[in-house]
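Chain residues, written in single-letter form:
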Amino acid sequence: MNLKQLAAATGVAYATARRRYEAGTLPVAAYRLGRLIMVGGPLTGAVPNAGQVVGHAGVSSAEQKPDLDRRIARVTVWATGQKLAVDRVASEVGSALDGHRKRFLALLRDPRVATIVVEHRDRFARFGVEYVEAALRAQGRRLLVVDPAEVDDDLVRDVSEILTSLCVRLYGRRVGARRARRAVEAVTEGLA
């Protein structure tokens, strides 16, 4: 059952049910499946904060490294505001498109980590976040997102990052980034 159906069945407004989901106060287990919020059976005495709470922050390039400390601070402050004691923070420099980020993979492999707190879904993993969330949920773990709002107009940015990644593999880092930028400029000028 999805959250909208649960709200209708219990006589609660969908907006209220959505706020409760985002605050983590729904009386039932809930998880994201794409854009849907699915709800399962009632929680069976599960202790939501058992295990480590780890904040994850990352930037995609060394040029953005000064932003890393601000992102770590936002994740930590938000988690503390949610009454979660952050045990440690994992930070790294690497693209969310890269499937070989050591600290990210270490978080997913570590069964002691019960909760992973990230600032934005797309900073954790550009694609397949739903799969990561489902796998964590199946293990009794969870992914909390500080800013859950998804921006639909990020499609151009996503496509340009994919194009840059592919061009870098073909032509090398500098030339690939330059060619990708030119391709995006050509496409956006053609649309205008």
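Rules behind the numbers
Residues numbered from 1 in each chain as written. Predicted model: local features only at pLDDT ≥ 70, side-chain atom pairs only at ≥ 80, totals over all residues. Heavy atoms only, no water. Helix = DSSP H or I, 4+ residues; strand = E, 2+ residues; numbered from the N terminus. Buried < 20%, exposed > 50% of the residue type's maximum accessible area, 1.4 Å probe, protein only. Contact = heavy atoms within 4.5 Å. Core = buried A, V, L, I, M, F, W, Y, C linked by side-chain atoms within 4.5 Å. Salt bridge = Lys/Arg side-chain N within 4 Å of Asp/Glu carboxyl O. Polar contact = N/O pair within 3.5 Å; in protein donor to acceptor, adjacent residues only side chain to side chain. Phe/Tyr/Trp six-rings, centres within 6.5 Å; stacked < 30°, edge-to-face > 60°. Lys NZ or Arg CZ within 6 Å of the ring centre and 35° of its normal. Patch = residues over 30% accessible without salt bridge, like charges linked within 9 Å, V, L, I, M, F, W, Y side chains within 5 Å. Areas by Shrake-Rupley, 256 points an atom, 1.4 Å probe, with all protein chains shown as cover. Pairing = 2+ DSSP bridges. Axes fitted to C-alpha atoms, helices over the stretch in contact; angles between N-to-C directions.

**Observations regarding the overall build of the chain**
Looking only at helices and strands, the chain has 8 helices and 6 strands in total. Secondary structure elements in the chain, listed N-terminal to C-terminal, are α-α-β-β-β-α-β-α-β-α-α-β-α-α. When burial is assessed residue by residue, the chain has 32% of its 192 residues classed as buried. Contacts in the chain between residues far apart in sequence, at least 24 positions, make up 59% of those at least 6 positions apart.

**A few points about the nonpolar core**
In this structure, Leu107, Ile116, Val118, Phe124 and Leu143 are the most contacted members of the largest nonpolar core, which totals 14 residues. Put simply, the parts of the chain that give this core at least two residues each are α4 (102–109), β5 (113–118), α6 (129–138) and β6 (142–145). Ignoring any residue separated from it by four or fewer positions in sequence, one finds Phe124 in contact with His56, Arg101, Phe104, Leu108, Ile116, Val118, Val132 and Leu143. Core analysis: the second largest hydrophobic core is formed by 10 residues, Leu3, Leu6, Tyr21 and Ile37 among them.

**Considerations on the pattern of salt bridges**
The final tally for this structure, using the stated rule, is 5 salt bridges. Between Asp67 and Arg70 there is a salt bridge, and its shortest N-O distance comes to 2.2 Å. Of this pair, Asp67 and Arg70 both sit in helix α3 (residues 65–81), 3 residues apart, which is roughly one turn of that helix. The shortest N-O distance in the salt bridge between Arg112 and Asp110 comes to 3.0 Å. It is possible to trace a salt-bridge network through shared partners that takes in Arg88, Asp110 and Arg112.

**Examining the side chain of Thr115**
Assignment of secondary structure puts Thr115 in strand β5. The class for Thr115 is buried, based on a relative accessible area of 0%. One polar contact links Thr115 to Arg142, side chain to side chain, over a distance of 3.1 Å.

**Observations regarding the packing of aromatic side chains**
Enumeration according to the criterion identifies 0 aromatic pairs in this entry. When the ring centre of Tyr14 is taken as reference, the NZ or CZ atom of Lys4 above it lies at 5.2 Å.

**A word on a nonpolar patch on the surface**
Taken together, the side chains of Tyr31, Leu33 and Leu36 present a nonpolar region at the surface, about 260 Å² in accessible area. Residue classification places Leu33 among the partly exposed positions, given a relative accessible area of 47%.

**Details of the sheet that holds strand β4 (residues 88–93)**
Strands sit in the order β4-β3-β5-β6 across an open sheet of 4 strands; the sheet is parallel. Two strands close off the open sheet at either side, each with one partner strand: β4 and β6. Going from strand to strand, the sheet's axes swing by 25° on average, the running direction of each strand aside. As paired elements, strand β3 (residues 52–59) and β4 share 6 bridges and run parallel to each other. Its bridge partner lying in β4, Ala57 is registered against Ser91. Running over the sheet, α3 touches β3, β4, β5 and β6 and is turned about 150° from β3.

**Here's the deal with unusual backbone geometry**
Note on backbone geometry: most residues besides glycine have negative phi, and most peptide bonds are trans. In the Ramachandran plot, Lys83 falls in the positive-phi region, its phi being about 65° despite a non-glycine side chain. Residue position: Lys83 is located in the loop between α3 and β4.

**Quick notes on the side chain of Glu133**
Here Glu133 shows up in helix α6. Here Glu133 falls in the buried class, since its relative accessible area comes to 11%. Here Glu133 is in contact with Arg32, Arg121 and Leu143, once residues within four sequence places are set aside.

**A few points about the environment of Arg71**
Within the secondary structure layout, Arg71 lies in helix α3. The exposure class assigned to Arg71 is buried, which follows from its relative accessible area of 9%. C-alpha of Arg71 to C-alpha of His120: the two residues are 49 residues apart in sequence and 9.9 Å apart in space.

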